[in-house]
Amino acid sequence: EKSQDCMYLQYCKICQSYKAPRSHHCRKCNRCVMKMDHHCPWINNCCGYQNHASFTLFLFLAPLGCIHASFIFVMTMYTQLYNRISFGWSSVKIDMSAAKRDPRTIIPFGLSAFAASLFALGLALGTTIAVGMLFIIQMKVILTNKTTIESWIEEKAKDRIQYYQTGETFIFPYDTGSKWKNFKQVFTWSGIPEGDGLDWPVRDGCHQYSLTIEQLKQKADKRVRSVRYQAVEDYSGVCCPVTKGVKTFFTTPCTEEPRIALSKGDLILATRGLKHWMYGEKILDSAADGGIRERGWFPRKCVEKCQYDSEMDQPVDGEKKNR
């Protein structure tokens, strides 16, 4: 509504519009999502402002259903095996051919049925543990009113302040200080979350753009810290390249972030990296790329650091910290 507020907002080049506070662009959904937490492949959608409560209830009810199924499997195997076990003086024998005490079973319980029940029990228990842990993580997100992405932003804010020694104190603006108030922002009797997804209650000393201003500072910091590399080998963009070495093959980043294909001579701005992999953005011709950026992982051995043409191009010692 206020044009001067644009200076505090991030601009999405793909959606060609400004991002609302707490919004982020999802590469899978190809849109900006309000209060985005993450993209879930199991529901084929993002977890965000509109469906956060529904997604958390799904994480709560799925383990309950698996616990119920586990109880049924355990009791089934117990009763069926109990009817087939005979105890002798020297050994215990199990007859899987027929029940001794209850010969008329509704469903025949043989060796294959026992193996299937045991396998299903393992799946149910595994799902209970895995989805239950996700439910705990989501409850922590809700009670602190801090999404997974915003937790990363807060950690990077601490790193930026420590690196530059600015003496700032970053306060996360959306945590009301009350777990019950944070809980009520997501779970309501009507099922519709509080607010409109654009304006949020903030803590004292903060305002609506406290988080977005910090994000803009981090983006500027990333540009300062980025290092220019040039591709010396072609890379097709596959997840686990076989031709780039054994270590590169087995240490591929375990993340949903994409890989970018490289051709010899391409220029890349690297922002972070591992021992055998790097993450960065390919420098494209602004007139031809249409505003679309190519960012992703690529093998470290495919690139080499660009040498500065002159001493004037090289950053002066301490320049980064001063900036």
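Since we're looking at a predicted model, the values are computed, not measured.

The rules behind the values
- Residues numbered from 1 in each chain as written.
- Predicted model: local features only at pLDDT ≥ 70, side-chain atom pairs only at ≥ 80, totals over all residues.
- Heavy atoms only, no water.
- Helix = DSSP H or I, 4+ residues; strand = E, 2+ residues; numbered from the N terminus.
- Buried < 20%, exposed > 50% of the residue type's maximum accessible area, 1.4 Å probe, protein only.
- Contact = heavy atoms within 4.5 Å.
- Areas by Shrake-Rupley, 256 points an atom, 1.4 Å probe, with all protein chains shown as cover.
- UniProt positions renumbered as here; feature names shortened; annotations may be inferred.
- Phe/Tyr/Trp six-rings, centres within 6.5 Å; stacked < 30°, edge-to-face > 60°.
- Core = buried A, V, L, I, M, F, W, Y, C linked by side-chain atoms within 4.5 Å.
- Pairing = 2+ DSSP bridges.
- Axes fitted to C-alpha atoms, helices over the stretch in contact; angles between N-to-C directions.
- Polar contact = N/O pair within 3.5 Å; in protein donor to acceptor, adjacent residues only side chain to side chain.
- Expected span 1.5 Å × (residues − 1).
- Parallel < 35°, antiparallel > 145°, perpendicular 65-115°, else oblique.
- Left-handed = near helix turned anticlockwise from the far one by under 90°.
- Nonpolar A, V, L, I, M, F, W, Y, C, P; charged D, E, K, R; others polar.

Structural notes on the overall build of the protein
- Along the protein, the regular secondary structure elements total 8 helices and 13 strands.
- The burial tally for the protein puts 34% of its 323 residues in the buried class.
- Counted over contacts in the protein with a minimum sequence separation of 6, partners at least 24 positions apart contribute 59%.
- Approximately 20,800 Å² of the protein is accessible, and the part contributed by carbon and sulfur atoms is 59%.

Some details on the UniProt feature "transmembrane region" (unreviewed entry) in the protein
- As annotated in UniProt, the feature "transmembrane region" (unreviewed entry) corresponds to residues 57–78 and 106–137 in the numbering used here.
- This span, residues 57–78, is 100% helix and 0% strand, and a straight line between its end C-alpha atoms measures 32 Å.

Considerations on the packing of aromatic side chains
- Scanning all chains against the criterion turns up 12 aromatic pairs.
- Plain terms: the ring middles of Tyr49 and Trp200 are 5.8 Å apart, the flat faces sit at 85° to each other, and that makes the pair edge-to-face. A residue pair is termed long-range when its members are at least 10 positions apart, and Tyr49 in the loop between strand 6 (45–47) and helix 1 (52–82) and Trp200 in the loop between helix 4 (179–186) and helix 5 (210–225) qualify at 151 residues. The exposure classification of Tyr49 matches that of Trp200, with both residues buried.

With respect to the side chain of Asp221
- By the secondary structure assignment, Asp221 is in helix 5.
- Given a relative accessible area of 11%, Asp221 falls into the buried group.
- The contact partners of Asp221, leaving out residues within four places of it in the chain, are Arg160 and Tyr164.

Looking at the nonpolar core
- If you look at the biggest cluster of nonpolar residues, it comprises 15 residues, and the most contacted ones within it are Cys26, Val33, Met36, Cys46, Phe170, Tyr174 and Leu211.
- In terms of residues, this core owes the most to one element, helix 3 (residues 148–164), which gives 4 residues.
- Residues in contact with Cys26, not counting those within four places in the same chain, are Arg31, Val33, Met36, His39 and Cys46.

A closer look at unusual backbone geometry
- For Arg22, which is not glycine, the phi dihedral falls at a positive 75°.
- Relative to the helices and strands, Arg22 resides in the loop between strand 2 (17–18) and strand 3 (24–26).
- For Arg22, a relative accessible area of 1% translates into the label buried.
- The residue Asn145 is not glycine, and still its phi comes out positive at about 55°.
- Here Asn145 lies in the loop between helix 2 (111–144) and helix 3.

Quick word on the sheet that holds strand 11 (residues 277–282)
- The strand order across the open sheet built from 5 strands is 12-11-10-9-13, with neighbouring strands paired in antiparallel fashion. A strand with exactly one partner marks an edge of an open sheet, and here the two such strands are strand 12 (294–299) and strand 13 (303–305). Geometrically, the sheet is characterised by an average inter-axis angle of 45° between neighbouring strands, direction not taken into account.
- Taken together, the 6 bridges between strand 11 and strand 12 define a ladder with antiparallel strand orientation. Looking across to strand 12, one finds that Met278 is bridged to Phe298.

Some words on the side chain of Glu257
- Locating Glu257 in the fold gives a position in the loop between helix 6 (246–250) and strand 10 (267–273).
- Residue classification places Glu257 among the buried residues on the basis of a relative accessible area of 19%.
- In this structure the side chain of Glu257 is engaged in a polar contact, spanning 2.9 Å, whose partner is the side chain of Trp297.
- With residues up to four places along the chain from it excluded, the contact list for Glu257 reads Arg27, Arg272, Tyr279 and Trp297.

A closer look at helix 5
- For helix 5, with 16 residues, the first-to-last C-alpha span of 23 Å sits near the 22 Å given by 1.5 Å per residue.
- Residues of helix 5 that are buried include every one of Ser210, Leu211, Thr212, Glu214, Gln215, Gln218, Asp221 and Val224, and no others.

Points about the packing of helix 1 against helix 2
- Where helix 1 contacts helix 2, the two axes come as close as 8 Å, and the packing angle between them is 155°. Considered as vectors, helix 1 and helix 2 are oriented roughly antiparallel to each other. Judged by the twist between their axes, the crossing of helix 1 over helix 2 is left-handed.
- Within the contact of helix 1 with helix 2, the residues separate by chemical class into 23 nonpolar, 8 polar and no charged.

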